[in-house]
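# Coordinate analysis (summary)
Residues per chain are reported as follows:
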Amino acid sequence: MARENTVIQMVGTVSGTAATIDVPDDGLLLSATLGITMGAGADGDGHTASLEFGSTNQLAGNDSRTVLARLRTRVELTTSGLLQAAISDHFDFRDGIKVFGGERIFLHNVALAGTFVDCWALLLFNFATFVARRR
């Protein structure tokens, strides 16, 4: 049977656990693009986001096995001002990470300071069967 690639988007506009998805079928997570947007008005404002299997973020954890991808930005201003900071990065999982239907993936975020706008992820999956989606 033919394998099917599909993209699932996650978007969060709250601090903490921003978004979750339930994986629709068994397959492979091939890649993820992760991004954050924030408004920075002071020195040291920053934001961190992570894509994880765990329901509690492991941003400060050591030897964590739940993290899939992590992204961080911090602003260093020499004078007062306002800066809109947006950053993204792409993560390729060479042979894919096995996922199972019903397994949950979490998008976490922590704002160090500043104004959190959003965080997002685009996940590319390869499933053994067709997963219905709207076009």
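Small disclaimer: the values here were computed from a predicted structure and weren't measured. (Residues numbered from 1 in each chain as written. Predicted model: local features only at pLDDT ≥ 70, side-chain atom pairs only at ≥ 80, totals over all residues. Heavy atoms only, no water.)

### Let's talk about the nonpolar core
In this structure, Met10, Leu51, Ile105, Leu107, Leu123 and Phe125 are the most contacted members of the largest nonpolar core, which totals 26 residues. If you list the elements that add at least two residues to this core, you get β1 (4-12), β2 (16-22), β3 (27-40), β4 (46-52), β5 (67-74), β6 (83-99), β7 (104-113) and β8 (115-127). Element by element, the count of residues in this core is highest for β8, at six residues. In this structure, Leu107 is in contact with Met10, Gly12, Gly16, Thr17, Ala18, Ala19, Leu34, Ser50, Leu51, Cys119, Trp120 and Ala121, ignoring residues within four places of it in sequence. (Core = buried A, V, L, I, M, F, W, Y, C linked by side-chain atoms within 4.5 Å. Buried < 20%, exposed > 50% of the residue type's maximum accessible area, 1.4 Å probe, protein only. Helix = DSSP H or I, 4+ residues; strand = E, 2+ residues; numbered from the N terminus. Contact = heavy atoms within 4.5 Å.)

### Examining the side chain of Asn126
With respect to the helices and strands, the residue Asn126 is situated in strand β8. Relative accessible area serves as the criterion here: at 12%, Asn126 is assigned to the buried category. In this structure, Asn126 is in contact with Arg3, Glu4, Asn5, Gly27, Leu28 and Leu30, ignoring residues within four places of it in sequence.

### Some remarks on the packing of aromatic side chains
Across all of its chains, the model carries one aromatic pair by this definition. Here the aromatic rings of Phe125 and Phe127 are separated by 5.2 Å at their centres, their planes lie at 15°, and the arrangement is stacked. Taken as a pair, Phe125 and Phe127 share a single burial class, namely buried. (Phe/Tyr/Trp six-rings, centres within 6.5 Å; stacked < 30°, edge-to-face > 60°.)

### Some remarks on the environment of Arg70
If you trace the backbone, Arg70 turns up in strand β5. Along the backbone, Arg70 and Leu51 are 19 residues apart, and their C-alpha atoms lie at a distance of 6.4 Å. When sequence neighbours within four positions are dropped, the list of residues in contact with Arg70 reads Leu34, Thr48, Ala49, Ser50, Leu59 and Phe91.

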